[in-house]
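# Summary of structural features
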Amino acid sequence: MEAPLPRGFSEEQFRAACRELDQPAPVAPWQLLVESMGVRIYRLYDEQSGLYEYKIFGGLADCPPKLCADVYMDLDFRKQWDQYVKELYEKTYDGEKIIYWEVKYPFPLSNRDYVYIRECQEMDFDGRKIWVVLAQSVSVPQCPEKPGIIRVKSYKQSLAIESDGKTGSKVYMYYFDNPGGMIPSWLVNWAAKSGVPAFLKDMQKACRNYSKRT
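Residues numbered from 1 in each chain as written. Predicted model: local features only at pLDDT ≥ 70, side-chain atom pairs only at ≥ 80, totals over all residues. Heavy atoms only, no water.

Per an unreviewed UniProt entry, the protein chain goes by Phosphatidylcholine transfer protein and derives from Anser cygnoides. Per UniProt, the protein chain has the following entry under Subunit (unreviewed entry): "Interacts with ACOT13/THEM2." Taken verbatim from the UniProt record of the protein chain, the Subcellular location (unreviewed entry) comment is "Cytoplasm". (UniProt positions renumbered as here; feature names shortened; annotations may be inferred.)

Here is the structure:
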């Protein structure tokens, strides 16, 4: 049996995430969904899936970019500050690092889980230092679907972080997932409008606690 081709991300994907930090605002057909707590969230309707892709622009005051990237990449620490994590770990299968992540959904909805690869690179982009994290779902035979949990088979995320010129960070995030099943529209709207700013606020707090630990 032939060894599977290594999955991963191209240099261009990392550079594309860097370029987004310079975009004043996504143009049509992207729509501004909400602006709150210094965070702007845009969405784009995906005809094929009937779901939305999201772009998020914001800042994390008093959190330097390297610290943000370290906190974001530290899975064990994430379990302490992200209340929606049920299970989260990284394992190596056939030489490939895979992350398994189960997310708590509100009753009576089933929890969702993700199996994905990710990579973090510190980029030198036109003389600027930008940390980029890319993630995407993959299929791994060693991580079969579990009863009672809905597997998210289509998940893509990119994150770019650079200094805001002071003591904090400028942040760009792209996000798409297909949570499967019937998700009520109120929950989709809540996740986009309130969940994302709340996540960034939690991450800001986590950065402060993380720097105390090290």
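Turning our attention to the UniProt feature "domain: START" (unreviewed entry) in the protein chain. UniProt annotation of "domain: START" (unreviewed entry) refers to residues 30-212 when read in the numbering used here. Taken end to end, residues 30-212 is 24% helix and 46% strand, and its two terminal C-alpha atoms sit 39 Å from one another. (Helix = DSSP H or I, 4+ residues; strand = E, 2+ residues; numbered from the N terminus.)

Turning to helix α1 (residues 11-20), its buried residues are F14, A17, C18 and E20. Within α1, the buried residues cover an arc of 160 degrees as seen down the axis, which keeps them to one side. Close packing links the buried residues of α1 with β3 (51-60), β6 (112-125), β7 (128-137), β9 (155-163) and β10 (169-177). (Buried < 20%, exposed > 50% of the residue type's maximum accessible area, 1.4 Å probe, protein only. Arc of directions from axis to C-beta. Contact = heavy atoms within 4.5 Å.)

A low pLDDT score tells you not to read the predicted coordinates there in detail. Residues of the protein chain with pLDDT of at least 70 account for 97%, and the chain-wide mean is 92. Model confidence for the protein chain, summarised as mean pLDDT per element, is weakest for helix α4 (residues 185-213) at 86 and strongest for β7 at 98. (pLDDT = per-residue confidence, 0-100.)

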